[in-house]
Amino acid sequence: MTTFLRDTATVFSREVRPALRNPVALVFEMGQPLLFLFLFGALLDGAVGSSWQWFVPGILVMMCLTGPMGSGYTLLVELIGGSMERLMVTPLSRTAMLVGRALKALVLLLVQAVMIIVMAIPLGFELHAAGVLAGLAQLVVFGVGLGAFSFVLALRSAPSGTLFYVVSQSILFPLLLLSGVLLPLESAPAWLRAIGQVNPVTYIVDAQRALFAGDLADPSVLYGTASACLIAAAGLALGVRAMRRGLVSV
C-alpha cells in the first residue's frame, strides 16, 4: 500500500507540474464555462426560479465532462510521442499511473469549480456550505470514472488518435444536451425527456442542483450518487485493466 501511494504521488507530481508552471492556462480553460454561466444565467433569470442556483451546478457538471473526459489527451500525446514507453520500463505501479493522472485532472477541476462558485456569489448564488462540499465530492467520484474512461479511449486510439477525437466529441455534446445542463428538460418533447431518463448524467445534474440548494435529503441525491459511483467503478475497472494489459500492444 505504501508503494502504491508513493507511486501515485510520483505520477501526480509529474502530471501537475506543467499546470503549476502555467496557471494562466487554467483561467483560459474556464472561458467557455464562464461564457455559458453569464449569458445563460442572465437569460434564464426568472424562468427556472433562482437562475444562478440552478445554473451553477450545471456548469460544474459541464466542466467535469470537458475536463476529466478530455484528460486522456495528454496520455495520447505521450503514446504517440513515445515518452509513455520510457515510463513503462520503470517499476511504477500501472494502477498508480491511472490514479495519479486522474487525481491531477480532479485537482484542476476542483480549483476551477471553487473559482466559478466564488465568481457566482456576487451575482446572486446562495452558498450552502454542506451542500457545496457534498456536491464537489460527488463530482470528484464522477470525474474519476470519466477520467478512467478517457484513458481507456486514448489507449485504444493510439497511434493515430483519430478514434479519441471522434468518440469524445460525438459523446460529449449529447450527454450535455440530454442531461438538462444548459436548458431544463421539463419543457422538452416527451421523446427527448425519455432519452434524458436513460442518460446517467441527468441524475448527477439533478443531484448537484439539490445539493447546491442545500437539500441533502432530496431523493435525487441518492440517484445521482449511485450513478456517479457506478460510472467510477466501471471506469476504474476498465482503466486499470487497460493500463496493465493494453499498453503492451501499443
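No experiment lies behind these values; they were computed from the predicted model shown.

Looking at the packing of helix α4 (residues 51-66) against helix α7 (residues 94-120)
Then comes step 1: Relative orientation of the contacting elements α4 and α7 amounts to 160 degrees, with a least axis distance of 10 Å. Put simply, α4 runs roughly antiparallel to α7. Where α4 crosses over α7, the two elements pack in a sense that is right-handed. Residues Val 56, Leu 60, Met 63 and Cys 64 of α4 lie in contact with α7, whose contacting residues are Leu 109, Gln 112, Ala 113, Ile 116, Ile 117 and Ala 120.
Then comes step 2: Among the residues forming the contact of α4 with α7, the class breakdown is nine nonpolar, one polar and no charged.

Points about the environment of Ala 207
Then comes step 1: With respect to the secondary-structure elements, Ala 207 resides in helix α11 (residues 200-212).
Then comes step 2: Sequence spacing of Ala 207 and Gly 135 is 72 residues, and the spatial spacing of their C-alpha atoms is 7.8 Å.
Then comes step 3: The contact partners of Ala 207, leaving out residues within four places of it in the chain, are Gln 138, Ser 220, Val 221 and Gly 224.

Thoughts on the nonpolar core
Then comes step 1: Counting residues in each nonpolar core, the largest one holds 37 residues, and the members touching the most others are Leu 37, Val 56, Leu 60, Val 61 and Phe 142.
Then comes step 2: Of all the secondary-structure elements, those providing two or more residues to this core are α3 (31-43), α4, α7, α8 (129-157), α9 (162-177), α11 and α12 (219-245).
Then comes step 3: Among the elements that line this core, the one with the most residues is α4, at eleven residues.
Then comes step 4: Those residues in contact with Val 56 that sit more than four places away from it in its chain are Leu 37, Ile 116, Ile 117, Ala 120 and Phe 125.
Then comes step 5: Grouped together as the second largest cluster of nonpolar side chains are 21 residues, Leu 75, Ala 154, Leu 155 and Ala 158 included.

Notes on the side chain of Gln 53
Then comes step 1: Its location among the elements puts Gln 53 in helix α4.
Then comes step 2: A distance of 2.8 Å separates the side chain of Gln 53 from the backbone oxygen of Glu 126, its partner in a polar contact.
Then comes step 3: Within polar-contact distance, the side chain of Gln 53 engages the backbone oxygen of Phe 212 at 2.8 Å.
Then comes step 4: When residues no more than four places from it in sequence are discounted, the contact partners of Gln 53 are Gly 124, Phe 125, Glu 126, His 128, Phe 212 and Ala 213.

What counts, and at which threshold
Residues numbered from 1 in each chain as written. Predicted model: local features only at pLDDT ≥ 70, side-chain atom pairs only at ≥ 80, totals over all residues. Heavy atoms only, no water. Axes fitted to C-alpha atoms, helices over the stretch in contact; angles between N-to-C directions. Helix = DSSP H or I, 4+ residues; strand = E, 2+ residues; numbered from the N terminus. Parallel < 35°, antiparallel > 145°, perpendicular 65-115°, else oblique. Left-handed = near helix turned anticlockwise from the far one by under 90°. Contact = heavy atoms within 4.5 Å. Nonpolar A, V, L, I, M, F, W, Y, C, P; charged D, E, K, R; others polar. Core = buried A, V, L, I, M, F, W, Y, C linked by side-chain atoms within 4.5 Å. Buried < 20%, exposed > 50% of the residue type's maximum accessible area, 1.4 Å probe, protein only. Polar contact = N/O pair within 3.5 Å; in protein donor to acceptor, adjacent residues only side chain to side chain.

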